[in-house]
Amino acid sequence: MMTNNYIVAQLPFNISCPDDMDIGMLLPSLDNFKAEKIDEPIFSLVIDNSLSPSKHRQLMKDSDTGNGVISVYTTDNGDREFIIKDIGGRHCCLLQTNEDYSKCRCALNGTKGMISFGLNDAIMIAYAFAACRHSALLIHASCVCKDGWAYPFIAESGTGKSTHSAKWMNAIEDVQLLNDDNPVLRVIDGIAYVFGSPWSGKTPCYRNKQCQLGALVHIKRDNTNHCEPMRPYIAFANLLSSCSSMTWDKHIHNSVCDTISVILQSTRMYTMHCLPDDQAALICFDTVGRNKE
């Protein structure tokens, strides 16, 4: 077995695979996050294709991710089990973890594309749920950065998060894309930061970079462009719905809620009612931008 070390949002983890498997070839998105040595990993994932599903398990949820279905189970001893299927319904990966996701094993199946898909989802699941115990949230957002500040745009799929990021980059000087689908929001010493990650949806943006959180913005399509602050309880619900979490797992859910509470004590969240144009970006930046402070 060969062990590969990685660090995402200053949180280390490792993946052990058979000697004849090249993780870099399967998932080049991980390359920017590779590390020679790491301290205590938040999780370890072992690829073991001899794994088989548990005989005694209870289905907790089938989640349609838009790219496939993930079935979540609990076993009699409290462990977790995930069946990962692609958009064609093909079984790509079996992931088994202990209760706190620190010890993970997976079996991969199918073509190279299926194996890449299953392994990517397995790593993302393990990271999301292990990291939340370290005040880190994997959020569904498109995020830009400017002058050291990060601005995640949150919305339902298809609303226009990526479009709004593109308008910022087109209309505002020195704006860069940090991540287009799954940045990491993490609190360190009481300060909220946004980190790039190896998971960026259809846009290959895998930047190993961090910026301080400037503001959270919920994108909402409208016939006019205007931006307004969101009430705290609405902001909490909106951010929670954008986080990778499992409401039936009390430890994970409580960790996520605690981190959100800390973030919203120091960071405002806004609703950006907008058209898909440059003017929307300019109005949003004029309202939430931190460069003048």
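The paragraphs below set out a description of the structure included in this document. (Residues numbered from 1 in each chain as written. Predicted model: local features only at pLDDT ≥ 70, side-chain atom pairs only at ≥ 80, totals over all residues. Heavy atoms only, no water.)

### Structural notes on the environment of aspartate 76
Moving on, step 1. Relative to the assigned elements, aspartate 76 resides in the loop between strand 6 (68-75) and strand 7 (80-86).
Moving on, step 2. For aspartate 76, a relative accessible area of 67% corresponds to the exposed category.
Moving on, step 3. Separated by 21 residues in sequence, aspartate 76 and lysine 55 place their C-alpha atoms 9.4 Å apart. (Helix = DSSP H or I, 4+ residues; strand = E, 2+ residues; numbered from the N terminus. Buried < 20%, exposed > 50% of the residue type's maximum accessible area, 1.4 Å probe, protein only.)

### Describing the nonpolar core
Taken as a class, soluble globular proteins show a tendency for nonpolar side chains to be buried jointly.
Moving on, step 1. Ranked by internal contacts, the top residues of the largest apolar core, which has 72 residues, are Phe43, Ile123 and Tyr127.
Moving on, step 2. With 12 residues, the top contributor of residues to this core is helix 2 (residues 112-131).
Moving on, step 3. Other than its neighbours up to four places away in sequence, isoleucine 123 contacts Phe13, Ile15, Leu27, Leu30, Phe43, Leu45 and Trp199.
Moving on, step 4. Of all hydrophobic cores here, the second largest spans 22 residues; its members include Ile172, Leu177, Val217 and Cys284. (Core = buried A, V, L, I, M, F, W, Y, C linked by side-chain atoms within 4.5 Å. Contact = heavy atoms within 4.5 Å.)

### Quick look at the sheet that holds strand 6
Moving on, step 1. Overall, mixed pairing links the 9 strands, which are arranged 3-1-2-4-9-8-7-6-5 in an open sheet. Because the sheet does not close on itself, it has two edges, and the strands there are strand 3 (34-35) and strand 5 (57-64).
Moving on, step 2. As judged from the 7 bridges shared by strand 6 and strand 7, these two strands associate in the antiparallel manner. Across the sheet, valine 72 pairs through a bridge with phenylalanine 82, a residue of strand 7.
Moving on, step 3. Contacts from helix 2 reach strand 1 (2-8), strand 2 (11-17), strand 4 (43-47), strand 6, strand 7, strand 8 (91-97) and strand 9 (103-108) within the one sheet, and its direction differs from that of strand 7 by about 140 degrees. (Pairing = 2+ DSSP bridges. Axes fitted to C-alpha atoms, helices over the stretch in contact; angles between N-to-C directions.)

### Regarding the side chain of asparagine 179
Moving on, step 1. Looking at where asparagine 179 falls in the secondary structure, it is placed in strand 13 (residues 176-179).
Moving on, step 2. Classification of asparagine 179 by relative accessible area gives buried; the value is 0%.
Moving on, step 3. A polar atom in the side chain of asparagine 179 sits 2.9 Å from the backbone nitrogen of aspartate 181.
Moving on, step 4. Here the side chain of asparagine 179 touches tryptophan 199 through a polar contact of 3.1 Å, landing on its backbone oxygen.
Moving on, step 5. Apart from the residues within four sequence positions on either side, asparagine 179 is in contact with Ala141, Ser142, Cys143, Ser197, Trp199, Ser200 and Cys205. (Polar contact = N/O pair within 3.5 Å; in protein donor to acceptor, adjacent residues only side chain to side chain.)

### A look at unusual backbone geometry
Moving on, step 1. A positive phi angle is found at glutamine 10, which is not glycine, with a value near 65 degrees.
Moving on, step 2. Mapping glutamine 10 onto the fold places it in the loop between strand 1 and strand 2.
Moving on, step 3. Since its relative accessible area comes to 45%, glutamine 10 is described here as partly exposed.

### A short note on helix 6 (residues 278-288)
Moving on, step 1. Along helix 6, the positions that sit buried rather than exposed are Ala280, Ala281, Cys284, Phe285 and Val288. For helix 6, the angular spread of the buried residues around the axis is 125 degrees, confining them to a single face.
Moving on, step 2. Tucked inside the fold, the buried residues of helix 6 contact strand 11 (142-146), strand 12 (149-154), helix 3 (161-171), strand 17 (216-221), strand 18 (226-229) and strand 19 (269-274). (Arc of directions from axis to C-beta.)

### Some points on the packing of aromatic side chains
Moving on, step 1. Scanning all chains against the criterion turns up 10 aromatic pairs.
Moving on, step 2. Geometrically, the ring pair formed by tyrosine 6 and phenylalanine 13 is stacked, given 5.6 Å between the ring centres and 25 degrees between the ring planes. One exposure class covers both tyrosine 6 and phenylalanine 13, and it is buried.
Moving on, step 3. An aromatic cluster of three or more residues is present, and its members are Tyr6, Phe13, Phe43, Tyr127 and Trp199.
Moving on, step 4. One cation-aromatic arrangement involves arginine 57 over tyrosine 73; the distance from NZ or CZ to the ring centre is 3.8 Å. (Phe/Tyr/Trp six-rings, centres within 6.5 Å; stacked < 30°, edge-to-face > 60°. Lys NZ or Arg CZ within 6 Å of the ring centre and 35° of its normal.)

What is shown is where atoms sit, not what they do.
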